[in-house]
Amino acid sequence: MLDYLVSIALTAGIYAIFALGLNLQWGYAGLLNFGHVAFMAMGAYVTVLLSMNGVPLLLAVLAGMILAGAAGAFLGMATLRLREDYLAIVTIGFSEILRFVLLNWSTLTRGSFGLFGYPRPFQDLVGIRDYNLFLAGLVLAVLLLVYILLETLARSPWGRVLKSIRDDEAVAISLGKNAFSYKVQALALGSAIAALSGSLLAFYLQYINPNNFQPIETFYAWIIVIMGGSGNNRGTILGALILWGFFSTTRFMEGYLSFSPTASSGARMVLIGLILIGLMMFRPQGLLGRKEELSIGR
Amino acid sequence: MADEVLSAISICKGFGGILALDHCSIRVKEGAIVGLIGPNGAGKSTLFDVISGFLTPDGGSIVFSGREILGLPAYKIARLGLVRTFQIPRSLMRMTVLENMMLGAQGQAGERLCNPLIRRHKVMAQETEIREKAEEILEFFDLQRMRDEYAGSLSGGQKKMLEMARALMADPRLLLLDEPFAGVNPALADRLIEQIRILKEKGLSIIIIEHAIPYVLALSDELYVLNKGAVLASGRPDAVISDRRVFEAYLGEGA
Ligand SMILES: Nc1ncnc2c1ncn2[C@@H]1O[C@H](COP(=O)(O)OP(=O)(O)OP(=O)(O)O)[C@@H](O)[C@H]1O
Ligand SMILES: [Mg+2]
């Protein structure tokens, strides 16, 4: 039972951090990032590859965040002067290209064979038996930090400018705000946060390969953000908890039903889809979103 | 001339086939209110878009406070103190009235990504100042009791007021008002006239686009009439308004 709770805490925590990055971009700045998983993958691979080559773990994690942040900023700078949907197209393309590079650059990444046996934080100190419990604690601590960081920013003048850009960019510009720069900043910061979740995911899985980073992961982040209520950090965390609570309970129940794994994973997605449709019909603002924000429209 | 805050000279702007602005020139003296009238589609709002940097003209020159601003990005022009409002009010719907206002303040340390984290005290102190100023201006526009409402829930007239109040938060030197009286009820309009006069006394220069001619006459030191993208007449308001060509331009609109 404890193992079960620990595994939910780990996955939900990691995906909460992952989705918080997207919530900053979409919920606060109104940016369509459809390739969020790419930045998670960058975090995981950079951390693992550097630490396997002797770079201290903390530095390796930071390097992943910086690289992902730079990549996010670069994609923003390349597309944000065009129409807003270009960002969506380019990010989704970027995430798939990155996955193919990871698959094919086998001298570096060992392709679909994957990477394993890499260092994890404090693994010698904690020991293998309690490691997941320890890691869950670490993940929750990181989640708390990221949450506090994002809430502080959301309530700050910086967050106010971001929200104004989401609502009507022309107003922000007419009041002297460099909207372009703020969007790039939101992309960079959100991507760096995704990279952080990627490092943690790598520590949890002990084995990474490019197929961990399919487009479906981006889709999960979107479900989490929309379910919790766009622009609401607490909602995002709740969304992650619900999604992974749902996944693990259904996986648990699989044992009693005689579904094949593919059939049951398909059934799970159908169920998630139905839940999402139901939510959009009865609570379109998301679980913790504010109704007034929707009824007044744009 | 030294006492000119703005001179936009020979501005041209075409949209495909239409010449929205055709060698249009306008000058604003420091501390003056300039009225800008003309039939629908004359190019008034387009002129604002060009002056404020939201549109790039095909030709011309714009000097603001002794500096050529043509080609500067719109946000930089606003930072120099040339602030525009929009004809159709653009409220930040999902932000409160107070948040709308506070956004307008310039030079906010907390708008830099790191400052809210590492210079909390400075940011908070500045926030308190900005909030006080916002509440003062809201009072001035009779919007104080709406401060915590979402801007999206305001009436059309209130949105118009908020649009102007928010622009004032930026401490502009030159304010471009695009039809500030549209949708504002007559009682409030009288109040608005008083307030615009107070702003002028404080040294603000203003260009007002307005269809309601009595309001324009009540406020303007100088009047420009635009027709088909060009200045048809300009000068002292009473002289301009009795110019036959102006009357005909408005009549021509119906034909
Ligand atoms: N973005 C645009 N694209 C194409 N044509 C435009 C655009 N903006 C304005 N126009 C055209 O330019 C001309 C001038 O429009 P503008 O909005 O400046 O007029 P206006 O004087 O403000 O009129 P109104 O009193 O109705 O507000 C019109 O013919 C209009 O249709
Ligand atoms: Mg107009």
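This text goes with the structure placed above it.
Asks: When you look at the interface of chain B and chain A in this model, what are you seeing that I'm missing?
Replies: Where interface size is quoted, it is often the accessible area lost as the parts come together. The interface of chain B with chain A comprises 34 residues on the first partner and 30 residues on the second. Between chain B and chain A, a total of about 3,000 Å² is buried, with carbon and sulfur atoms accounting for 63% of that surface. When the buried area of chain B at its contact with chain A is split by residue, R94, L113 and Y150 of chain B rank highest and sum to 25% of it. For the interface between chain B and chain A, the tally reads 5 salt bridges. Applying the counting rule to chain B against chain A returns 14 residue pairs in polar contact (both at pLDDT 80 or more). Listed by contribution, the elements that provide at least two residues to the side of chain B that touches chain A are α2 (74-79), β6 (82-84), α3 (97-103), α4 (115-118), α5 (120-140) and α6 (156-169) of chain B. If you tally residues by element for the side of chain B that touches chain A, the top one is α2 of chain B, at 4 residues. Looking at the side of chain B that touches chain A residue by residue, the classes come out as 18 nonpolar, 6 polar and 10 charged.

Asks: What am I meant to see in the coordination of the magnesium ion (ligand 2) here?
Replies: Summarising the metal site, the magnesium ion (ligand 2) is bound by the protein donors S45 of chain B (OG) and Q87 of chain B (OE1), whose distances to it range over 1.9 to 2.1 Å. One end of the pair, S45 of chain B, is in helix α1 (residues 44-51); the other, Q87 of chain B, is in the loop between β6 and α3, and 42 residues separate them in sequence.

Asks: Where do I start with the side chain of K13 of chain B in this structure?
Replies: All names here are of chain B. Summarising the element assignment, K13 is placed in strand β1 (residues 4-15). One buried charged side chain, K13, makes no salt bridge at all; its nearest oppositely charged neighbour is D58, positioned 4.2 Å away. A polar atom in the side chain of K13 sits 2.9 Å from the backbone oxygen of T56. Ignoring sequence-local partners within four residues, the contact set of K13 consists of I18, L19, A20, L21, T46, L55, T56, P57 and D58.

Asks: I keep staring at a nonpolar patch on the surface and nothing clicks. Help me out?
Replies: Residues and elements named next belong to chain A. Taken together, the side chains of V270, L274, I277, M281 and F282 make up a nonpolar region of the molecular surface, amounting to roughly 600 Å² of accessible area. Looking at the secondary structure, you find M281 in helix α12 (residues 261-282). For M281, a relative accessible area of 59% corresponds to the exposed category.

Asks: I would appreciate a short explanation of the environment of L138 of chain A in the present structure.
Replies: Residue and element names in this part refer to chain A. For L138, the position within the fold is in helix α7 (residues 131-154). Judged by relative accessible area, which is 26%, L138 ranks as partly exposed. L138 sits 47 residues away from T91 along the chain, and the two C-alpha atoms are 30 Å apart. Beyond its immediate chain neighbours, meaning those up to four positions away, L138 contacts P121 and L200.

Asks: What should I look at first to understand a negative patch on the surface in this one?
Replies: Taken together, the side chains of E129, E132, E136, E139 and D142 of chain B present a region of like negative charge at the surface. Mapped onto the elements, D142 of chain B comes out in the loop between α5 and α6.

Asks: What is the right way to look at the pattern of salt bridges in this model?
Replies: A side chain of one charge can pair with a side chain of the opposite charge if their charged atoms are brought near each other. Tallying each qualifying case throughout the model produces 20 salt bridges over all chains. Of the charged contacts in the structure, one is a salt bridge between R94 of chain B and D167 of chain A, with a shortest N-O distance of 3.3 Å. Taken together, the positions of R94 of chain B in the loop between β6 and α3 and D167 of chain A in helix α8 (residues 157-174) put the pair across two chains. Residues E163 of chain B and R166 of chain B are paired through a salt bridge, measuring 3.4 Å at the closest nitrogen-oxygen approach. Here E163 of chain B pairs with R166 of chain B, and both are found in helix α6, just 3 residues apart, close to one helical turn. Just as E163 of chain B is buried, R166 of chain B falls in that class too. Counted as one network, the salt bridges with shared partners bring together R166 and D167 of chain A together with R94 of chain B.

Cut-offs used in this document
- Residues numbered from 1 in each chain as written.
- Chains lettered and ligands numbered in written order.
- Predicted model: local features only at pLDDT ≥ 70, side-chain atom pairs only at ≥ 80, totals over all residues.
- Heavy atoms only, no water.
- Contact = heavy atoms within 4.5 Å.
- Buried area = accessible area lost by both parts, 1.4 Å probe.
- Salt bridge = Lys/Arg side-chain N within 4 Å of Asp/Glu carboxyl O.
- Polar contact = N/O pair within 3.5 Å; in protein donor to acceptor, adjacent residues only side chain to side chain.
- Helix = DSSP H or I, 4+ residues; strand = E, 2+ residues; numbered from the N terminus.
- Nonpolar A, V, L, I, M, F, W, Y, C, P; charged D, E, K, R; others polar.
- Donors = N, O, S within 2.8 Å, 3.2 Å for Na, K, Ca; no water.
- Buried < 20%, exposed > 50% of the residue type's maximum accessible area, 1.4 Å probe, protein only.
- Lys, Arg positive; Asp, Glu negative; His and termini not counted.
- Patch = residues over 30% accessible without salt bridge, like charges linked within 9 Å, V, L, I, M, F, W, Y side chains within 5 Å.
- Areas by Shrake-Rupley, 256 points an atom, 1.4 Å probe, with all protein chains shown as cover.
- Charge placed at Lys NZ, Arg CZ, Asp CG, Glu CD.

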